[in-house]
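As a plain string of letters, each chain reads:
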Amino acid sequence: MVPRPLLISWLLVPSVWSQPWTSGGLPIASRDQLTLKPESSRSSDLERGSLSGREIFQHMVDALDVMQSHFYELWIGTWPSAIDWTGAVINTAVSSTIKTIAQASSETKDDQYSKIINKYFSHNAAYYFGEDAFSIRNEAYDDILWTTLEWLEIIKTIEYRNRTEPSWHGIQFIPAFSHRARLFWDLAAQGWDTNLCGGGMLWNPRLLPYKNTITNQLFISASITMYLSSPGDTIDFPFFASDSQTYGSMPGRPHDPKYLKAAIEGYSWLKKSNMTNSRGLYVDGYHIKGYNQKNGSIGTGKCDDRNEMVYTYNQGVILSGQRGLWEATGNTSYLEDGYSLICNVMASTGWSWSGKSNSPIYKSTNWAGLGQHGILEELCDRSGSCSQDSQTFKGIFFQHLTQF
């Protein structure tokens, strides 16, 4: 059986393509030329290390089929071996893959790609009911935010497909999906805290305060995506609006400025938080020295006890937030920050930059912070001890890299 990390990598990488596929800068196939290829020849392509855009596309479709045939159970609408947050990430990956396939599909509803799209979108929709939404509402804020991003991504896929096939059946799910995204954003926004560290998102409301990279990056990305992509939500059940004094107007409107405000404030705090190390990589997060839950002491009240561990996904989620903030504001500094981070990630696998063209060259064969030999890794990959969490991290990095 194909390992989950490999599957997620194949599912996510092609989502960068918004233009016709190319190989060496030249068009390699029209939509009608993207035909299926025998399994044996595709395996030899991988061994040669020489793949055209068409072949990569086929591998992506194969990975989707394996993921959904071997890991997903339609009768319960979920991946039984997935935990709550990785299930949300996998559903996001499936939706991104459907959108990429839709870009290859003709505008008729009878071509081979349309059949694939409809088949796997039914899995997306079934997961709305298979997802344990009640449980996630009581979990950490990052778990809640993965779910927000999940349903926003699926809404974008539905809207894209509806443009090529008007009145596509998936459009009927948008009210439910946008409701869950809005509801979960409202719940997560309660984690924004100004009593400690001058701002920032708490990781978990039931544990000692920890202001970590991933929760803050997720809040930025989810907030700006709500601003740009949410079609609005008129459903007020089971919860009403979030704190209107903090976030402004009632929820439900598309392009509600409260989401933009939250994203800008979140990014400003993260940038000033000293959350990056000497390599320019995001570390895991901050505890507060002297905080004592039993006697009510907040200690220093500052983010001054830093966890230096680095993970690949902590370098990725912010990229979609930076792209969205640039789209919303026109401020190119968000893009400049993103490019710098990408360069830092490449350098952390052994690449460096030299020459007038500032082109990357591969130098180091030693561990460079996030990998070696030019390959992105978690530290646990070296020992083969990664949990399901860490197995998912690199797929998340590439999901948000391609969005950037």
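Since we're looking at a predicted model, the values are computed, not measured.

1. Looking at the overall build of the chain
Check the secondary structure of the chain and you find 14 helices and 9 strands. Burial analysis of the chain (404 residues in total) assigns 53% to the buried set. Put simply, 67% of the contacts in the chain that link residues at least 6 apart link residues at least 24 apart. Carbon and sulfur atoms make up 54% of the accessible area of the chain, which amounts to about 18,200 Å² in all.

2. Some words on the pattern of salt bridges
Per the stated rule, a full pass over the model turns up 13 salt bridges. For Glu165, the salt bridge identified is with Arg161, shortest N-O distance 3.3 Å. Considered together, Glu165 and Arg161 belong to a single accessibility category, that of buried residues. Between Lys394 and Asp381 there is a salt bridge, with its nearest N and O atoms 2.8 Å apart. Taken together, the residues Lys394 in helix H14 (residues 388-403) and Asp381 in the loop between strand S9 (375-376) and H14 connect sequence positions 13 residues apart. Through salt bridges with shared partners, a single network forms among Arg182, Asp186, Asp233 and Lys258.

3. Here we look at helix H4 (residues 84-104)
Each α-helix winds once per 3.6 residues, and so residues spaced three or four apart point in a common direction. With 21 residues, H4 extends 31 Å between its outermost C-alpha atoms, agreeing within 8% with the 30 Å of an ideal straight helix rising 1.5 Å per residue. The buried fraction of H4 amounts to 19 of the 21 residues, a majority that puts the element mostly inside the structure.

4. Details of the packing of helix H8 (residues 174-189) against helix H9 (residues 213-229)
One way to put it is that H8 packs onto H9 with a least axis distance of 11 Å and a crossing angle of 140 degrees. Between H8 and H9, the angle is such that the two are oblique. The crossing of H8 and H9 is left-handed. Residue-level inspection shows Ala181, Arg182, Trp185 and Ala189 of H8 in contact with H9, the latter providing Phe219, Ala222, Ser223 and Met226. Per-class residue counts for the contact of H8 with H9 are 6 nonpolar, 1 polar and 1 charged.

5. A closer look at the sheet that holds strand S5 (residues 305-310)
Strand order across the open sheet formed by 3 strands is S3-S4-S5, with antiparallel pairing between neighbours. Of all the strands in the sheet, the pair left with one neighbour each is strand S3 (211-212) and S5. Where strand S4 (residues 283-287) and S5 come together, 4 bridges link them in antiparallel fashion. Across the sheet, the residue bridging to Val283 is Val310, located in S5.

6. A look at the packing of aromatic side chains
Given two aromatic rings, their pairing is described by the distance between the two centres and the angle made by the two planes. Scanning the entire structure with this criterion turns up 25 aromatic pairs. Summarising the aromatic geometry, the rings of Phe57 and Tyr113 are spaced 5.6 Å apart at their centres and angled 90 degrees between planes, so their arrangement reads as edge-to-face. Placement of Phe57 in helix H3 (residues 53-71) and of Tyr113 in helix H5 (residues 112-130) is noted, with a sequence separation of 56 residues between them. Its relative accessible area of 2% is what places Phe57 among the buried residues. Judged by centre distance (5.5 Å) and plane angle (75 degrees), the rings of Tyr311 and Phe393 are edge-to-face. Placement of Tyr311 in the loop between S5 and helix H12 (317-329) and of Phe393 in helix H14 is noted, with a sequence separation of 82 residues between them. When its relative accessible area of 5% is taken as the criterion, Phe393 is described as buried. Aromatic ring contacts, followed pair by pair, group Phe121, Tyr128, Phe129, Trp151, Trp168, Phe173 and Phe177 into a single cluster.

7. Some thoughts on the state of the cysteines
Scanning the entire structure with this criterion turns up 2 disulfides. At a sulfur-sulfur separation of 1.9 Å, the disulfide partner of Cys380 is Cys386. Linking Cys380 and Cys386, the disulfide has an S-S dihedral of approximately 95 degrees and is accordingly described as right-handed. Of the two residues, Cys380 and Cys386, both sit in the buried class. By sequence-ordered numbering of the bonded cysteines, the chain has its disulfides arranged as 1-2, 3-4.

8. Quick look at H3
Compared with an ideal rise of 1.5 Å per residue, which puts 19 residues at 27 Å, H3 spans 26 Å between its outermost C-alpha atoms and is within 8% of the ideal. The element H3 is extensively covered by neighbouring structure, given that 14 of its 19 residues are classed as buried.

9. A word on unusual backbone geometry
With a phi close to 65 degrees, Ser167 is a non-glycine residue in the positive phi region. Mapped onto the secondary structure, Ser167 falls in the loop between helix H7 (141-164) and H8. We note that His373 has phi near 55 degrees; this positive angle belongs to a residue other than glycine. Considering the arrangement of structural elements, one finds His373 in the loop between strand S8 (371-372) and S9.

10. Quick look at the environment of Ile220
Residue position: Ile220 is located in helix H9. Along the sequence, Ile220 and Ile264 sit 44 residues apart, while their C-alpha atoms lie 7.5 Å from each other. Among all residues touching Ile220, those that are not within four sequence positions of it are Ala263, Gly266, Tyr267, Leu270, Ile318, Gly321 and Leu325.

11. Description of the confidence of the model for the chain
Confidence in the prediction for the chain averages 85 pLDDT; 81% of positions are at 70 or higher. Across residues 13-39, where pLDDT falls below 50, the model places 52 contacts with residues more than four positions away in sequence or in other chains. A low-confidence stretch, residues 240-249 stays under pLDDT 50, and its non-local contacts, those more than four residues away or across chains, total 19 contacts.

12. Considering the environment of Leu270
Mapped onto the elements of the fold, Leu270 is located in helix H11 (residues 257-272). Residue classification places Leu270 among the buried residues on the basis of a relative accessible area of 2%. Residues contacting Leu270, with those up to four places away along its chain left out, are Asn216, Gln217, Ile220, Met275, Tyr282 and Ile318.

Reading the values: the criteria
- Residues numbered from 1 in each chain as written.
- Predicted model: local features only at pLDDT ≥ 70, side-chain atom pairs only at ≥ 80, totals over all residues.
- Heavy atoms only, no water.
- Helix = DSSP H or I, 4+ residues; strand = E, 2+ residues; numbered from the N terminus.
- Buried < 20%, exposed > 50% of the residue type's maximum accessible area, 1.4 Å probe, protein only.
- Contact = heavy atoms within 4.5 Å.
- Areas by Shrake-Rupley, 256 points an atom, 1.4 Å probe, with all protein chains shown as cover.
- Salt bridge = Lys/Arg side-chain N within 4 Å of Asp/Glu carboxyl O.
- Expected span 1.5 Å × (residues − 1).
- Axes fitted to C-alpha atoms, helices over the stretch in contact; angles between N-to-C directions.
- Parallel < 35°, antiparallel > 145°, perpendicular 65-115°, else oblique.
- Left-handed = near helix turned anticlockwise from the far one by under 90°.
- Nonpolar A, V, L, I, M, F, W, Y, C, P; charged D, E, K, R; others polar.
- Pairing = 2+ DSSP bridges.
- Phe/Tyr/Trp six-rings, centres within 6.5 Å; stacked < 30°, edge-to-face > 60°.
- Disulfide = S-S within 2.5 Å.
- pLDDT = per-residue confidence, 0-100.

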